[in-house]
Amino acid sequence: MKSILLKTWWIFGLAGLIAALFLLPPLPVFQLKEIVVVTPPTRISQDELIALARLKKGESLLSLRLQEVRSRFLKSPWIEEVALAKAYPGRLLISIREQEPIALIKQDRFYLVNGKGEVFKPLEGKDPKNFPLISGLKKPKKEELAPLITLIYLFYQQEALRPIGLSEIQWD
């Protein structure tokens with residue numbers, strides 16, 4: 001009987017402690033004080049990157065759902081992958097891998113294509129534009145773009161061809 005009573009108090013005490021950690025204002029050691037970008041972005045500004053997180057200083061790191069923050073980052077077409085880590089006391093570490101465009105493709109408008117053959121973003125005014133243009137394909141699938149991406153990589157591996165540059169691949 002004494003053992004059951006002790007276990008019951010233990011469970012209630014632990015549940016109360018957990019509830020207090022999540023419901024009461026966070027202790028300073030658990031408050032978000034700093035967001036550290038470990039791999040600085042090149043395609044978007046660091047301020048834009050931090051804004052994507054939609055976090056406030058003083059927020060509880062204990063109740064911070066990293067998967068939700070990660071999904072907010074991945075809504076940016078420039079972010080290919082993101083890793084997040086809580087670093088106590090008070091820091092959130094962000095490491096990103098950005099999309100690397102390798103080509104442009106013309107469909108209803110121009111789009112950027114990455115090295116995996118994925119069309120990832122409509123071309124906008126401030127985006128880089130000095131990439132080979134892939135034309136002649138209507139709504140291509142990744143599998144259709146793969147050999148063309150390979151061709152682009154092979155072209156630029158040839159020392160003698162690099163100075164000439166590759167401007168367009170026409171696929172009929």
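Here, every reference points to the structure presented above.
Within each chain, residues carry numbers counting from 1 in the order of the written sequence. Reporting of local features is limited, given that this is a predicted model, to residues whose pLDDT is at least 70; pairs of side-chain atoms are given and counted only at 80 or more, and all residues count toward the totals for whole chains, interfaces and linings. Water and hydrogen atoms were dropped before computing side-chain values, which therefore reflect all heavy atoms in the structure.

(A) How the structure looks around the overall build of the protein chain. Summing up its helical and strand segments, the protein chain has four helices and eight strands in all. Each helix (α) and strand (β) of the protein chain, taken in turn from the N terminus, gives the series α-β-α-α-β-β-β-β-β-β-α-β. Classification of the 172 residues of the protein chain by burial places 32% in the buried group. A contact between two residues is defined here by any heavy atoms of the two lying within 4.5 Å. Sequence separation of 24 or more characterises 52% of the internal contacts of the protein chain that already satisfy a separation of 6 or more. As presented, the protein chain carries roughly 11300 Å² of accessible surface, and 62% of it is formed by carbon and sulfur atoms. Secondary structure counts use DSSP, requiring at least four H or I residues in a row for a helix and at least two E residues in a row for a strand, with both numbered from the N terminus. The buried label applies to any residue whose accessible area, calculated with a 1.4 Å probe on protein chains only, is under 20% of its type's maximum; exposed applies above 50%, and partly exposed to all values in between. All accessibility values rest on the Shrake-Rupley procedure with a 1.4 Å probe; residue burial counts only the protein chains present in the view.

(B) Region of the structure containing the nonpolar core. Side-chain atoms within 4.5 Å link the members of a nonpolar core, which is a set of buried Ala, Val, Leu, Ile, Met, Phe, Trp, Tyr and Cys residues. Judged by nonpolar contacts, the single largest core of 24 residues is most densely connected at Leu49, Leu55, Phe73 and Ile94. Where this core is concerned, the elements lending two or more residues are strand 1 (34–37), helix 2 (46–53), helix 3 (66–73), strand 2 (79–87) and strand 3 (91–98). Those residues in contact with Leu49 that sit more than four places away from it in its chain are Val37, Pro41, Ile44, Phe73, Ile79, Ile94 and Ile96. Within the second largest apolar cluster, 14 residues are counted, among which are Ile134, Leu137, Ile149 and Phe155.

(C) Main features of the pairing of strand 1. Taking every second residue as pointing to the same face, the buried face of strand 1 carries Ile35 and Val37, while none of Glu34 and Val36 on the other face is buried. Note that strand 1 and strand 3 share four bridges and pair parallel. Directly across from Val36, in strand 3, lies its bridge partner Leu93. Should DSSP find at least two bridges between two strands, the strands are regarded as paired.

(D) Representation of the sheet that holds strand 1 within the structure. Read across the sheet, three strands follow the order 1-3-2 without closing on themselves; strand pairing throughout is mixed. Each of the sheet's edge strands pairs with one partner strand only, and the pair in question is strand 1 and strand 2. On average, each strand axis in the sheet is tilted by 20° relative to the strand beside it, whichever way the strands run. Its contacts with the sheet place helix 2 against strand 1, strand 2 and strand 3, and it is angled at close to 125° to strand 1. Axis definition: a line fit to C-alpha positions, over the contact stretch in the case of helices; interaxial angles, taken between N-to-C directions, run 0 to 180 degrees. On the sheet, helix 3 packs against strand 2 and strand 3 and is oriented at approximately 150° with respect to strand 2.

(E) Examining the pattern of salt bridges more closely. Any carboxyl oxygen of Asp or Glu that lies within 4 Å of a side-chain nitrogen of Lys or Arg is treated as forming a salt bridge with it. Under the counting rule described, the total for this entry stands at eight salt bridges. With a closest N to O distance of 3.3 Å, Glu100 and Arg43 form a salt bridge. Here the residue Glu100 occupies a position in the loop between strand 3 and strand 4 (101–106), and Arg43 occupies one in the loop between strand 1 and helix 2, the gap between them amounting to 57 residues. A relative accessible area of 30% places Arg43 in the partly exposed class. Between Glu80 and Arg97 there is a salt bridge whose closest N-O contact spans 3.7 Å. Of this pair, Glu80 sits in strand 2 while Arg97 sits in strand 3, and the two are 17 residues apart along the sequence.

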